[in-house]
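Summary of the model geometry
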2 protein chains.
Amino acid sequence: MTTLFADRTCVEAVEEGTSLAPKFNQAGLIPVVTTDAQTGELLMHAYMNQAALVKTIETGEAHYYSRSRQTLWHKGATSGLIQYVQQLLIDDDQDCLWMRVTVADSGASCHVGYRSCFYRQIPLGTEAVRENYPITLTFTETAKTFDPQLIYGDTPNPTQL
Amino acid sequence: MTTLFADRTCVEAVEEGTSLAPKFNQAGLIPVVTTDAQTGELLMHAYMNQAALVKTIETGEAHYYSRSRQTLWHKGATSGLIQYVQQLLIDDDQDCLWMRVTVADSGASCHVGYRSCFYRQIPLGTEAVRENYPITLTFTETAKTFDPQLIYGDTPNPTQL
């Protein structure tokens, strides 16, 4: 698998070159930003290991590494909400991926049931910091797109405190 | 500062509540996805510590934590390319932020000189994996928006191998 990726021997080649030389962190993971290819909405932020990246490239369907389950994770395998990759990009120092996708069925990507994982907004301004303890979020999505209990049943919730 | 944030005592409150209870990783950091508020383009992926998050909320201008320089980083302080925060959101388990910004001047956000840090695309499909060693990237931006040497001079390059 390592032959698919170039060695990271020179900053200029990493930043300006055309060889894929991804940097996986100490846990063997690289962060992935997943946006809706049509709207630009940020759907989720997750991680891939080497195997997930190769699977994603090969199949054109999003594969991640689940940190909570510690396993390769074919997004949508349980829920049916497959993410079809329209475009896959990498950043300047090659330590982050951007995946532009279209999502099957309802188009949702969040295990809580919302379309996007980012369904709450943080207030801005000095008054936000001065007057609220703790700072109060507002919801930007008003309804869930599916019932997580129906889809995931008794599967453990991936959220960790 | 801790009184600004709620304690993370219950999964339901973290996912469905209205109290800001961000999760900072073992290094004290939370990943931040920064997109262009108009186009949805992913500009950069970086990190905040607690101080950077509070500064961003207070001022409405993007502050990050620079891992390479190990310091609070007011984006644009050197280059003039300030990021004005239009909307700041947090995800389901509150371990990632989404910042929708407009950028001053040329609108660029990448230290290499491109508009977005994500200026190279990874090919998809089984032939991409089978025929190329290493996998070959293609550029999606064809020209730089500024000359990094003029802006940053001899400042050390943040890219780490």
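Predicted model, so just to flag it, every value in this text is computed and none were measured. (Residues numbered from 1 in each chain as written. Chains lettered and ligands numbered in written order. Predicted model: local features only at pLDDT ≥ 70, side-chain atom pairs only at ≥ 80, totals over all residues. Heavy atoms only, no water.)

**Describing the relation of the copies chain B and chain A**
Taken as rigid bodies, chain B and chain A are interconverted by a rotation of 180 degrees and an axial shift of 0.0 Å, the fit giving an RMSD of 0.0 Å. On this basis, the relationship between the two copies can be described by a two-fold rotation axis. Of the C-alpha atoms belonging to chain B, the one lying closest to the rotation axis is found on Gly40(B), 2.2 Å away. By residue overlap, the copies meet face to face through one surface: 100% of the interface positions of chain B are interface positions in chain A. (Least-squares fit on C-alpha atoms with pLDDT ≥ 70 in both. Contact = heavy atoms within 4.5 Å.)

**As for the layout of surface pockets**
Residue and element names in this part refer to chain A. Roughly 180 Å³ of volume is contained in the second largest pocket. Of all the secondary-structure elements, those providing two or more residues to the lining of the second largest pocket are strand E1 (30–36), strand E5 (83–90) and strand E6 (97–103). Grouping the amino acids of the lining of the second largest pocket by side-chain chemistry returns four nonpolar, six polar and five charged. (1 Å grid on protein atoms, 1.4 Å probe; cavity = no way out; pocket = protein on both sides within 12 Å on 5 of 7 lines; lining within 4 Å. Points joined across faces, edges and corners; volume = space filled by probe spheres on them. Helix = DSSP H or I, 4+ residues; strand = E, 2+ residues; numbered from the N terminus. Nonpolar A, V, L, I, M, F, W, Y, C, P; charged D, E, K, R; others polar.)

**Observations concerning the interface of chain B and chain A**
Opposite the 72 residues of chain B that make contact, chain A presents 72 residues. Between chain B and chain A, the buried area comes to about 6200 Å², and carbon and sulfur atoms account for 62% of it. Across the salt bridge formed by Lys144(B) and Glu16(A), the nearest N and O atoms sit 2.6 Å from each other. Residue assignment for the side of chain B that touches chain A shows that the elements contributing at least two residues are helix H1 (11–16), strand E1 (30–36), strand E2 (42–48), helix H2 (50–59), strand E5 (83–90), strand E6 (97–103), strand E7 (120–122) and helix H3 (126–131) of chain B. Looking at the side of chain B that touches chain A residue by residue, the class counts come to 38 nonpolar, 21 polar and 13 charged. The sheet contact formed by strand E7 (residues 120–122) of chain A and E5(B) spans three bridges and is antiparallel. Paired with Ile122(A) across the strands is Leu88(B), a residue of E5(B). (Buried area = accessible area lost by both parts, 1.4 Å probe. Salt bridge = Lys/Arg side-chain N within 4 Å of Asp/Glu carboxyl O. Pairing = 2+ DSSP bridges.)

**Details of helix H2 (residues 50–59) of chain A**
Looking only at H2(A), the buried set comprises Ala52(A), Leu53(A), Val54(A), Thr56(A) and Ile57(A). With its phi angle positive at about 75 degrees, Gly60(A) sits one or two positions after the end of H2(A). (Buried < 20%, exposed > 50% of the residue type's maximum accessible area, 1.4 Å probe, protein only.)

**Observations regarding the UniProt feature "domain: Phosphoribosyl-AMP cyclohydrolase" (unreviewed entry) in chain A**
UniProt feature "domain: Phosphoribosyl-AMP cyclohydrolase" (unreviewed entry): in the numbering of this structure it lies at residues 44–119 of chain A. What you have in residues 44–119 of chain A is 13% helix and 37% strand, and the ends, taken at the C-alpha atoms, are 11 Å apart. (UniProt positions renumbered as here; feature names shortened; annotations may be inferred.)

**Observations concerning the pattern of salt bridges**
Evaluation of the coordinates by the stated rule reveals six salt bridges over all chains. Residue Asp95(B) pairs with Arg67(A) through a salt bridge whose shortest N-O separation is 3.4 Å. Of this pair, Asp95(B) sits in the loop between E5 and E6 while Arg67(A) sits in the loop between strand E3 (63–66) and strand E4 (71–74), on two different chains. Owing to a relative accessible area of 17%, Asp95(B) belongs among the buried residues under this scheme. Take Arg67(A): its relative accessible area is 43%, and that puts it in the partly exposed class.

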